[in-house]
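Listed below, chain by chain, are the residues.
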Amino acid sequence: MARRTFSIGGIHPDDAKLSRNAAIEAIPLPSAVYISLAQHIGAPAKAVVAPGDKVKAGQVIAEPGGFVSAFIHSSVSGTVKSVGVCKDLSGKAAPCVEITVEGDEWVEGVDLTPDLVTDIPADGKAILEKIRLGGVVGLGGATFPTHVKLSPPPGKTCEMLIINGCECEPYLTSDERTMLEKGEQVVVGTALLSHVLGDPHAVIAVEDNKPEAIAHLRGIVERLRPLGGPYAGIEVRSLMKKYPEGGEKQLIDAVMGRQVKSGQLPIDAGAVVQNICTALAVYEAVQKNKPLVENSVTVTGKGAARQANLLVRVGTPLRHVIDCAGGLPDSIAKVVSGGPMMGKAVVNLDAPTLKGTGGLLLLTEAETRRGAEGSCIRCGKCADACPMGLEPFLLNRLARADRNDELEAASVQDCIQCGCCLYTCPANIPLLDIIAVAKARVLGIIKARAAAK
Amino acid sequence: MDKLIVSPSPHLHSSCSTKGLMRDVLIALAPAVAVSIVFYGWRALLVLGVSVASCVLLEYLIVKYLLRKSTTVGDLSAAVTGVLLALNLPVTTPWWVVFLGALFAVGVAKMTFGGLGQNVFNPAIAGRVFLLISFPSYMTHWEAPQGLFGVDAVSGATPLGAIKEGLMQGASVPDLMAQHGWTYGQMLFSNIGGSAGEACAIAILLGFLYLVVRRVIKPWITLSILATVALVSLLFWGIDPARFTDPLFNLLTGGLLLGACFMATDYVTSPMSTAGGVVYGIGIGFITLMIRYFGSYPEGMSFAILIMNAAVPLLNIWFHQKKFGRA
């Protein structure tokens, strides 16, 4: 009997998948897009266009600024208006290319037909290069350049590829809709990823609150299995719903029964994890020559005008996306980019979407208001909830006392900032707020110590 | 400009609150309270009323006039202390003694340490032990249950007290059991004398079950106490049944169940980790029996809990949760 979930902690918030039945719809193009050059982990990309240049959708507008970096393409056709900075959703300045939209013309070679291409190129290196040229980054939230993750350091091999279809964040449904509507592409993408890694066993892991997606993917996998090669090694695994199952370390634990050691990477445990939407982006980049210029964004919330899953070009202002889902009702007091557990509160609605934007959650004040902070009653619920086996109550006390040595001994640097502790705390103590600051401080100390050696 | 709330994640909170947890404890105590009123009548109600009112009022006054902070009685923890203290007292306790117990519980054991979450000792137990030492005559004047409409109360010794006294006079345990005519059925459903809350084992277990099902507490501390008491008394009883009482008798008499289910499991004064909790429970069970068997007091639960309360900071240093990805 295979394991069904991760072994330590976790919580069961109401999954509130209000938008699960809303099919993905392409939205009208905005009048201008603002494409950030810093929308992946690593060095920002360097612009290769200048104001006044005519660009087409799918055309490279910025090149990688380092090894850990990614190509950036224009998501629309039109004229480059400026190459400068724009404010991101936190209100911080980010390098950005502004393009005025004119028509919708794509660069040559991009296959926009819906025809499924199942042939896997024999040369894994060629696939990898196409992924790199397609500007594909991890769409599960971290936006780590995919080609880097697919290039294990010498001496390390991937024993299992895990495709993350957990979508354990409440409310978000863009992954679920993608599995239902682009299931074939996801499975071919999985085969492509698997082939790059040397055809290891591939597991598409989906939480059991999405039974239709599981059944749908299983059917496709069975249909494509006779094609052989990487297709023969794909399996769809149903996992028990529990947050944060989609966390990389938790998912590896749930699927493989292995705990990635502190300070190590998934590949050290023989695993590579990629998101469902990344698999789709890989399919499009490799099989259709279509770079990553659009993604599906859930717009949802109990107070939202309507529940929607929208296909959005990268760089579209958030305000335009929300307007396409019926606008922002007056009762909405907070807009979150991402899910309610780890998403970021939006400061600036004129900020553009990024490759990794998966959802916009609209919350009313009553839903999101935190209760007054009380005294810790030492109930231990935070420690029970922590999926990393940490003791948030202890970290909180140590952090408030600035006891960095003890914080490090208590493994504050292992915190994945999933928010389970704060979500659970009956006294509304801002555990994660305080621990996150302490973690950054301790990581700085660890880095400085390593540099001094 | 849009007016949006901006704050760090997570953006939602579970419905779990301190007040909700305390409300659950009060609900879990309801069966024991109801049974005490049925068995002992209006005097149980009087003790309960004085105890709860005193605890809540004292915390209110201390927080408002001594600490000058905003009131905390809304979290219901003072009410829980009040109910637990009342259930730990004989119903014949005069109202002013109950008040003094509440003053010690809330005023000394809880608020001088900084209030909810900061106290080392369980306030209700501290209050009870304070009264036991200060007013032994009131605290050992037990009354056999007479029912809600009973007129004449019969006072006598509790089973534990009677056994202790009988043993000192040279009688053997089986003789004393036969002499008093106690049965386990009586102990389980309708008690034979003791504090208000010790009247009915089933009522206490019902409350405990509620707390476990609602995930307010984990069962390990309670189970570890009960298992320790059962195993250790089985050992002694096996060696000499004339001198030592049997496991079932020990489990069903005195404040053991009430203490194991409601007092030892107090969040604030018990260890944070499950492993620490099990060790804490073993300590409570062992110390209780040692006092019952060899001490001069007939009952040892309160002392055992207080002693192990003091060990909790150490247990929290020794026992931690297993971390992810670390040996």
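Residues numbered from 1 in each chain as written. Chains lettered and ligands numbered in written order. Predicted model: local features only at pLDDT ≥ 70, side-chain atom pairs only at ≥ 80, totals over all residues. Heavy atoms only, no water.

A count of helices and strands for chain A gives 14 helices and 17 strands. In summary, chain A has a C-alpha radius of gyration of 22 Å against a globular reference of 22 Å for 453 residues, a match within 12%. Each of the 453 residues in chain A was classed as buried or not, and the buried ones make up 59%. Partitioning the intrachain contacts of chain A with sequence separation of at least 6 by distance along the chain shows that 74% fall at a separation of at least 24. Surface accessibility of chain A: about 16,900 Å² in total, with carbon and sulfur atoms responsible for 54%. Mean positive and mean negative side-chain charge positions of chain A (48 and 49 charges, respectively) differ by 5 Å. (Helix = DSSP H or I, 4+ residues; strand = E, 2+ residues; numbered from the N terminus. Rg over C-alpha atoms; globule rule 2.2 N^0.38 Å. Buried < 20%, exposed > 50% of the residue type's maximum accessible area, 1.4 Å probe, protein only. Contact = heavy atoms within 4.5 Å. Areas by Shrake-Rupley, 256 points an atom, 1.4 Å probe, with all protein chains shown as cover. Lys, Arg positive; Asp, Glu negative; His and termini not counted. Charge placed at Lys NZ, Arg CZ, Asp CG, Glu CD.)

Attention shifts here to the overall build of chain B. Regarding its fold elements, chain B presents 15 helices and 2 strands. Whereas a compact globule of 327 residues would reach a radius of gyration of roughly 20 Å, chain B reaches 21 Å, a difference of no more than 12%. Projecting the C-alpha coordinates of chain B onto the three principal axes gives extents of approximately 85 × 55 × 30 Å. Taking all 327 residues of chain B together, 55% fall into the buried category.

On to the domain arrangement of chain A. Residues and elements named next belong to chain A. Its domain assignment divides chain A into domain 1 (124-287) and domain 2 (381-452). Between the C-alpha centres of domain 1 and domain 2 the distance comes to 29 Å. Where domain 1 abuts domain 2, roughly 460 Å² becomes buried across the two surfaces, and 59% of that area is made up of carbon and sulfur atoms. Ranking the residues of domain 1 by area buried against domain 2 places Y243, P244 and Q250 at the top, with a combined share of 67%. In this structure, the connection of domain 1 to domain 2 is made through 0 salt bridges. (Domains from an automatic or database assignment. Buried area = accessible area lost by both parts, 1.4 Å probe. Salt bridge = Lys/Arg side-chain N within 4 Å of Asp/Glu carboxyl O.)

Residue and element names in this part refer to chain B. Taken as a whole and judged by the stated rule, the model has 11 aromatic pairs over all chains. Summarising the aromatic geometry, the rings of F236 and Y293 are spaced 5.3 Å apart at their centres and angled 55° between planes, so their arrangement reads as tilted. With F236 in helix α11 (residues 220-239) and Y293 in helix α14 (residues 274-294), this residue pair connects regions lying 57 residues apart in the sequence. Y293 shares its class with F236; the two are buried. Plain terms: the ring middles of Y293 and F294 are 6.2 Å apart, the flat faces sit at 80° to each other, and that makes the pair edge-to-face. Judged by its relative accessible area of 47%, F294 is partly exposed. By the ring-pair criterion, three or more aromatic residues cluster together here, those being F236, F244, Y293 and F294. (Phe/Tyr/Trp six-rings, centres within 6.5 Å; stacked < 30°, edge-to-face > 60°.)

Once that is clear, we can look at the side chain of A:T300. Relative to the helices and strands, A:T300 is located in strand β13 (residues 294-300). Residues within four places of A:T300 in sequence aside, it is in contact with A:L18, A:S19, A:Y171, A:Q307, A:L360, A:L361 and A:L362.

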